[in-house]
Amino acid sequence: MSDVENVVAQSRTSERGAATRSSLLAAAREVFVSKGFADAGVTDVVAKAEASVGSLYHHFSGKADLYLTLWEEFQAGLSQRTKLAAREARTAGETDPMRVFVSAARAYLEGCLEERELAALFLRGDGPPGFDVVMRDRLRRWAQLNATLFDDEGALVVVITGALAAAVSEVVRTGDRGLAEDALAIIGRIRPATSVTGRSSG
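In this text, all values refer to a predicted model and were calculated from it rather than measured experimentally.

Caption draft 1: Quick look at the environment of Ala-64. For Ala-64, the location among the structural elements is in helix α4 (residues 63–91). Accessibility expressed as a relative area gives 31% for Ala-64, which makes it partly exposed. Non-local contacts of Ala-64, meaning those with residues more than four positions away in its chain, are made with Phe-37 and Pro-128.

Right, here's the structure in full:
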């Protein structure tokens, strides 16, 4: 086999591998959404994907790895959305950090609504052992990102991060876009303690 033929063959193998991985993730998503993580089995996933157990373990270490990969890809998509929304708000001339935050939060909520079944899966509390720690870590990192936007206004960051997390949970549960907008309008009116009292809360 020539070098060119070898490269083509490797490329086709790589494409097949990527396609198998994608189909396994799509199948896992369907199975987890319909059955929940605890009741789902590896055999359910491979049957849905029309793949083999061996191919699943070639790409993933098991059921928990499938779940966590779906979570990471979901979060990566939301992160991309929020960064783009914040960038667009700033490009349009917005300088108020709260308005930039609300623009990014709206993009986050829209992403959750578009992927509502998947968002609900992760909020259900039925994940692999230790997933609650992953969720808490994500919330902490989210708060840290918000802190950079608001010049480390600690109390403000705690309040708006908590308020948005609660709004996400309820909006995903109900699918209510009006509720999302109402929640964003309320969050957008929150201001630091220094703006409200004229002095530092410390």
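Caption draft 2: The arrangement of the side chain of Thr-82 in detail. Secondary-structure assignment places Thr-82 in helix α4. Given the relative accessible area of 17%, Thr-82 is considered buried. A polar side-chain atom of Thr-82 sits 2.9 Å from the main-chain carbonyl oxygen of Ser-79. What Thr-82 contacts, discounting residues up to four positions off in sequence, is Ala-104, Ala-107 and Tyr-108.

Caption draft 3: Here's a closer look at the nonpolar core. With 51 residues, the main nonpolar core has Phe-32, Phe-101, Phe-122 and Leu-164 as its most contacted residues. Mapped by element, the contributors of at least two residues to this core are α1 (3–35), α2 (42–49), α4, α5 (97–114), α6 (116–123), α7 (131–149), α8 (154–174) and α9 (177–188). Residue contributions to this core peak at 10 residues, all from α5. In terms of domain composition, this core takes at least three residues from each of domain 1 (1–60) and domain 2 (63–191). Ignoring sequence-local partners within four residues, the contact set of Phe-32 consists of Phe-37, Ala-40, Lys-63, Leu-66, Tyr-67, Leu-70, Leu-121 and Arg-124.

Reading guide: rules and limits
- Residues numbered from 1 in each chain as written.
- Predicted model: local features only at pLDDT ≥ 70, side-chain atom pairs only at ≥ 80, totals over all residues.
- Heavy atoms only, no water.
- Helix = DSSP H or I, 4+ residues; strand = E, 2+ residues; numbered from the N terminus.
- Buried < 20%, exposed > 50% of the residue type's maximum accessible area, 1.4 Å probe, protein only.
- Contact = heavy atoms within 4.5 Å.
- Polar contact = N/O pair within 3.5 Å; in protein donor to acceptor, adjacent residues only side chain to side chain.
- Core = buried A, V, L, I, M, F, W, Y, C linked by side-chain atoms within 4.5 Å.
- Domains from an automatic or database assignment.

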